[in-house]
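# Examination of the molecular architecture
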Amino acid sequence: MGNTFLTRIIMIPAAVWLSVFFGGSMGSGVELVQYITSNGPIGGFVAIGSVALVVMAVMFCCFELSRRYKAYDYRQFSKVILGKLWWLYEIAILLSMIIVIAISSTAAGTVLGEYLQTNHYVGQVALLAVVIFFTYKGREFIEKSMTIASMSLLLILAIIAGYVYVNLGEIVAFELANDEVSLAAASVGSQYAMVNVAFFPLLLFAGRHIKKSTDSVVASISAAIVGVLPLAALHFAFLSYYPEVLTSGVEVPVYWLLEQLESTWLIDVYVLILFVLILQTGVGMMQGFVERIDNYMQEKHNKTLSATQHAGVAGSMVLLSLALSTLGIVALILAGYKFLFMIFIVVFFIPLFTVGIYKLLKTSGKGNAIVIEGAKAQ
């Protein structure tokens, strides 16, 4: 993909984050309606702003700690902020990863099933196949595919927002003009962000190109902004059918919205991109998982897993998640958020913003060799 600053520091971290965040969280529109648009027209944008700020702060801490301590997988990273209790994050992330991939497989089956009028298992089998193939191909292939998919997504979302502005802009303007600012929305947005960004240590492989503190700053700001652009575009579009969208009760609100807009080609393109990005969620998480295994194998046995073994590990994890997908996407999201939020407060956010910041301040201005020695002493 090239070795330019734009590619290494801006495009790759932003693309990896957006691919996993969008496909696993906002792509179907379920969480967007529940945690963003439900706050009201203006409140939704307040929530989006708080999402960006939380993600930015967490990403900077993660990128900078991983750079200074050479901790590019979640096991190494959790040792930096949790010390001997690192295994608590391991348990939380494994359980959470299974839940998110289950959500993704359900979404993949639902999106493809509704669009093609076929059995939802078709989408789930596609998820399994894509995760196995992409994990087999490796990190560089995954980063390239995520960059292409993210650019395509941002283009189609800009078209959707533009379509709504031209054809239904007066309705959106009316809703915004007649709404009151709700600062409580910032709290809801922060919770939504914290649950999603708590997975970020799984994606630290995207930060291997970061070499200095300014790189961490730029990468975190660009990734956070790019990550919320789809939220802003879809929230804006939902306002054209507000408050009906809150009570539609559909499995995939974005698909419902596009049907209301009566644009067949928008539906065709969006469904394709959404399906690809849902698949990329599983791919990104599984790549983070195999990176963790590879680093452990390198540390203990001086070798890593083969590409075939990578694919086998990833396929096994996806199959386990598929067993959970029968619970339904809405039930998974509601139950999963309550569980994930409480767990990650204890095993991720408190350690990150106490121990993590302390270590950043302690090592500020020191050379990498000194910092790495501290990491090995964990």
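Let us look at the structure shown here.

What counts and how
Residues numbered from 1 in each chain as written. Predicted model: local features only at pLDDT ≥ 70, side-chain atom pairs only at ≥ 80, totals over all residues. Heavy atoms only, no water. Patch = residues over 30% accessible without salt bridge, like charges linked within 9 Å, V, L, I, M, F, W, Y side chains within 5 Å. Areas by Shrake-Rupley, 256 points an atom, 1.4 Å probe, with all protein chains shown as cover. Salt bridge = Lys/Arg side-chain N within 4 Å of Asp/Glu carboxyl O. Helix = DSSP H or I, 4+ residues; strand = E, 2+ residues; numbered from the N terminus. Buried < 20%, exposed > 50% of the residue type's maximum accessible area, 1.4 Å probe, protein only. Contact = heavy atoms within 4.5 Å. Phe/Tyr/Trp six-rings, centres within 6.5 Å; stacked < 30°, edge-to-face > 60°. Lys NZ or Arg CZ within 6 Å of the ring centre and 35° of its normal. Core = buried A, V, L, I, M, F, W, Y, C linked by side-chain atoms within 4.5 Å.

The subject of this paragraph is a nonpolar patch on the surface. A contiguous nonpolar patch, built from Leu-85, Trp-87, Leu-88, Ile-91, Leu-95, Phe-339 and Ile-343 and spanning about 580 Å² of accessible area, is present on the exposed surface. Only helix 5 (86-116) and helix 13 (329-363) provide two or more residues apiece to the nonpolar patch. Judged by relative accessible area, Phe-339 falls into the partly exposed class, the value being 33%.

Moving on, we come to the side chain of Arg-75. Inspection of the secondary structure puts Arg-75 in helix 4 (residues 74-82). Its relative accessible area of 4% is what places Arg-75 among the buried residues. When neighbours within four sequence positions are excluded, Arg-75 is seen to be in contact with Trp-86, Glu-90, Arg-292, Tyr-296 and Glu-299.

Another aspect to go through is the environment of Val-318. Looking at the element boundaries, Val-318 is found in helix 12 (residues 307-324). Judged by its relative accessible area of 0%, Val-318 is buried. Taking C-alpha positions, Val-318 is 8.0 Å from Val-131, a pair spaced 187 residues apart along the chain. If we skip the residues at most four places from it in the chain, Val-318 touches Ile-101, Leu-127, Leu-128, Val-131 and Met-286.

On to the packing of aromatic side chains, then. Inspection of every chain in the model, using the stated rule, returns 14 aromatic pairs. Linked through ring pairs, Trp-17, Phe-21, Tyr-35, Phe-63, Tyr-192 and Phe-200 together constitute an aromatic cluster. Looking at Arg-75, its charged tip hangs above the ring of Trp-86, at a distance of 5.5 Å from the centre. Looking at Lys-79, its charged tip hangs above the ring of Trp-86, at a distance of 5.3 Å from the centre.

The subject of this paragraph is the nonpolar core. With 124 residues, the main nonpolar core has Phe-22, Leu-231, Phe-344 and Phe-348 as its most contacted residues. In terms of residue count, helix 11 (residues 264-301) provides more of this core than any other element does, 16 residues in total. Not counting residues within four places of it along the chain, the set of residues in contact with Phe-344 comprises Tyr-89, Ala-92, Ile-93, Ser-96, Ala-198, Phe-199 and Phe-349.

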